[in-house]
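Here is what each chain is made of, one letter per residue.
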Amino acid sequence: MKRSPGALLLRWSGRVLVAAILLFVLLPGVVVAISAFNDRAILQFPPQSWSLRWFWRAFSYADFAKGFWNGLTVTVWASSIAVVVGSAFAFAIHRYKFALRDFLEGILLSPLIIPHYTIGLGVLILASQTGIGRGFPLVIFAHVVMVLPFVMRSTYISLENLDTRLELAASSLGATPLRILFTVTIPLLIPGLLSGWLFAAILSFNEFTATLFVSSQATQTLPVAMYNYVREFADPTLAALSVIYIVVTATLLTIANSFLGLGKILNVDAH
Amino acid sequence: MNARPFLGWFVSPAGLVAVGLLAAMLAVFQYSVRAYIPGTLEVGGYTWANFEAMLRPLYALAFWNTVLICFETAVFTLLLAYPLAYALTRTSNSALRSFILIVSVTPLFLGEVVRTYSWMIVLGNNGFLNTLLLKLGVLDRPVQMMFTGGGVVAALVHVTMPIMVIMLAAALSHIDRNYEKAAESLGAGPIRIFMTITLPLSMPGIVAGFSTAFAWTFSAFATPQLIGGGRVSTVSTLIYQLGFSSFNFPFAASLSIIGLALSLAVIALLKKAASPLERMAGTK
């Protein structure tokens, strides 16, 4: 198709604009990656001499290692509980009408708009009033609450795409509801449940604001340990840790994209 | 046969979580009207003193600041995210699509702390931007970018971009392309097609993205705290200070109640302001 010079100009200025915005998104990552190899103990750009020692320090700093394992514990528990609770609830919402249905859904979706510090403060006050204490169950509960809306959404999308005739077929062949659930419905929902779990896990692992309120020295997660580090030290250790973070996350997302189709998970694929 | 098999099994765990969340919110409400006893974590009797104290200029200014920062962030995020979302849904090259998708989504999974830290290196006095501008001769001495409202907004825009791109792309990808083709065959130019068809039809995504960006920014703590360095006070930094430096949990609770109310009010207002636009676009 022939294009007028005006349309061509528009097309190219659009491309330049998109490239510039992508640069804005990438810039901090690139800058942090370069700073991580700075030999000197102050944040300075560009580095004058190079070294790998901040990577070594990032790995050997005890609070980071502890924060990583704490975070992993919280993340695995919270996202697994959220997937079971959230997908079961999404199923009930999708299929049934029952008392308090909209009310319950509203409550469970509300963490999307309630500021996280309000959730953190509330859970903290609740813990002190009931004498539960600031252990792992408290942190895990706060995380379940915050990731539940994302799990519900992901299950809901899978349920919309589920062919209910398969369940009817099983039913007409005499399968009990329990059998249909475990041999037809759940297997068909697996991709949605997995992507919901993955999404929840990544969000939970990185959650910071509410975790700062509900965690203690013994249960602090990696983002909290990192925040405490920035407030105490100015060296590039955190830059090294950020690089590791960025590389791991981008790799996981690239893998998720090629196996599961990120566009489909995020519901942004063209129809 | 039971028409709603497993209903109880499926709803009760979620019900328990909802009860826990409600209890936590009630705890905040209850603390917000209790008296603060300095030096202890115990609270005194019921009082409105916390809410009255919020009328002082210091707190009123923090609220105003927060709303302003959130609004600026949401506007800039929308302006930057829209072209990305548009390119993401309209490019036919699948490698480029994946690249744009991964670049725009990865930051979402890095968390607020990593991204804020990166921005500290970009904006610092010896940081990337100042060094670059000095080398290029644009500046003759470093400009203060850390500890300013502008620096906080720049970092917050970066923090909020991914979720906005996702919501806009979801809306853009569901637009029926035949409308655009019809307009094109009737002789409309690309700008006219965009302004009269694509933009109005993507209105629901814009509204959803804008309100989500607003709510997320309202919730942000690490960015205003670290980039603002105590010189930019927002509701979230005040709450943390009150809670953990002075252990004034009742006042922190009342601030977060007002914060919650304000954020809900703004989102409701945005929805209301957007509904005539959506009606005009025929998407509602």
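Remember, predicted model here, so these are calculated numbers, not experimental data. (Residues numbered from 1 in each chain as written. Chains lettered and ligands numbered in written order. Predicted model: local features only at pLDDT ≥ 70, side-chain atom pairs only at ≥ 80, totals over all residues. Heavy atoms only, no water.)

### Considering the packing of aromatic side chains
Thinking step 1. Throughout the structure, instances matching the rule amount to 26 aromatic pairs over all chains.
Thinking step 2. Summarising the aromatic geometry, the rings of Phe64 of chain A and Tyr229 of chain A are spaced 5.3 Å apart at their centres and angled 50° between planes, so their arrangement reads as tilted. With Phe64 of chain A in helix α3 (residues 62–95) and Tyr229 of chain A in helix α10 (residues 222–232), the pair connects residues that are 165 residues apart, well separated along the chain. An identical accessibility class is assigned to Phe64 of chain A and Tyr229 of chain A; each is buried.
Thinking step 3. For the ring pair Phe208 of chain A and Phe221 of chain B, a centre distance of 6.1 Å and an interplane angle of 15° mean the geometry is stacked. A residue pair is termed interchain when its members come from two chains, as with Phe208 of chain A in the loop between α8 (177–206) and α9 (209–214) and Phe221 of chain B in the loop between α10 (203–219) and α11 (222–228).
Thinking step 4. Taking relative accessible area as the criterion, Phe221 of chain B reaches 1% and is therefore assigned buried.
Thinking step 5. Put simply, the rings of Phe208, Phe213 and Tyr227 of chain A together with Phe221 and Tyr240 of chain B touch in pairs and so form one group of aromatic residues.
Thinking step 6. Lying across the ring of Trp12 of chain A, Arg15 of chain A places its NZ or CZ 4.7 Å from the centre. (Phe/Tyr/Trp six-rings, centres within 6.5 Å; stacked < 30°, edge-to-face > 60°. Helix = DSSP H or I, 4+ residues; strand = E, 2+ residues; numbered from the N terminus. Buried < 20%, exposed > 50% of the residue type's maximum accessible area, 1.4 Å probe, protein only. Lys NZ or Arg CZ within 6 Å of the ring centre and 35° of its normal.)

### A closer look at the UniProt feature "transmembrane region" (unreviewed entry) in chain A
Thinking step 1. If you check UniProt for "transmembrane region" (unreviewed entry), the listed places come out as residues 74–94, 106–126, 138–159, 180–205 and 238–262 of chain A in our numbering.
Thinking step 2. For residues 106–126 of chain A, helix accounts for 71% and strand for 0%, while the C-alpha atoms at its two ends are 21 Å apart. (UniProt positions renumbered as here; feature names shortened; annotations may be inferred.)

### Description of the interface of chain B and chain A
Thinking step 1. Contact with chain B, which involves 88 residues of that partner, is made by 88 residues of chain A.
Thinking step 2. Linking chain B to chain A there are 0 salt bridges.
Thinking step 3. Counting the contacts that link chain B with chain A gives 4 residue pairs in polar contact (both at pLDDT 80 or more).
Thinking step 4. No other element matches helix α1 (residues 7–32) of chain B, which puts 18 residues into the side of chain B that touches chain A. (Contact = heavy atoms within 4.5 Å. Salt bridge = Lys/Arg side-chain N within 4 Å of Asp/Glu carboxyl O. Polar contact = N/O pair within 3.5 Å; in protein donor to acceptor, adjacent residues only side chain to side chain.)

### Points about the UniProt feature "domain: ABC transmembrane type-1" (unreviewed entry) in chain A
Thinking step 1. Under the feature "domain: ABC transmembrane type-1" (unreviewed entry), the UniProt entry names residues 68–256 of chain A.
Thinking step 2. Spanning residues 68–256 of chain A, this segment combines 81% helix with 0% strand, and its end C-alpha atoms are found 22 Å apart.

### A few points about the UniProt feature "domain: ABC transmembrane type-1" (unreviewed entry) in chain B
Thinking step 1. Taken from the UniProt record, the annotation "domain: ABC transmembrane type-1" (unreviewed entry) applies to residues 63–270 of chain B.
Thinking step 2. What you have in residues 63–270 of chain B is 79% helix and 0% strand, and the ends, taken at the C-alpha atoms, are 18 Å apart.

### Some remarks on empty space enclosed by the protein
Thinking step 1. A complete count under the given rule lists 4 cavities of 30 Å³ or more for this structure.
Thinking step 2. As a volume, the largest cavity reaches approximately 520 Å³.
Thinking step 3. Residues belonging to the lining of the largest cavity are distributed by class as follows: 15 nonpolar, 9 polar and 3 charged. (1 Å grid on protein atoms, 1.4 Å probe; cavity = no way out; pocket = protein on both sides within 12 Å on 5 of 7 lines; lining within 4 Å. Points joined across faces, edges and corners; volume = space filled by probe spheres on them. Nonpolar A, V, L, I, M, F, W, Y, C, P; charged D, E, K, R; others polar.)

### Comments concerning the pattern of salt bridges
Any two side chains of opposite charge can pair if their charged atoms end up close together.
Thinking step 1. Here the structure, examined in full by the defined rule, presents 7 salt bridges over all chains.
Thinking step 2. A salt bridge links Glu167 of chain A to Arg95 of chain A; the nearest nitrogen and oxygen atoms lie 3.2 Å apart. Taken together, the residues span a long stretch of sequence, with Glu167 of chain A in helix α7 (residues 164–172) and Arg95 of chain A in helix α3 at a distance of 72 residues.
Thinking step 3. Classification of Arg95 of chain A as partly exposed rests on a relative accessible area of 29%.
Thinking step 4. Salt-bridge contacts for Glu180 of chain B lead to Arg90 of chain B; the nearest nitrogen and oxygen are separated by 3.0 Å. Separated by 90 residues along the polypeptide, Glu180 of chain B in helix α8 (residues 177–185) and Arg90 of chain B in helix α3 (residues 57–90) bring together distant segments of the chain. By the burial criterion, Glu180 of chain B is buried, and Arg90 of chain B matches it.
Thinking step 5. Connected through salt bridges with shared partners, the residues Arg90, Arg177 and Glu180 of chain B form a single ionic network.

### Some words on helix α9 (residues 190–201) of chain B
Residues and elements named next belong to chain B.
Thinking step 1. The terminal C-alpha atoms of α9, which comprises 12 residues, lie 15 Å apart, in line with the 16 Å expected from a rise of 1.5 Å per residue.
Thinking step 2. Looking at α9, one finds that the buried residues are Ile193, Ile197 and Thr198. Across the axial projection of α9, the buried residues extend over an arc of 85°, all falling on one side. Residues of α9 that are exposed and point more than 90 degrees away from the buried face comprise Ile191, Arg192 and Thr196.
Thinking step 3. Of the surrounding secondary structure, the elements contacted by the buried residues of α9 are α3, α7 (149–173) and α8. (Expected span 1.5 Å × (residues − 1). Arc of directions from axis to C-beta.)

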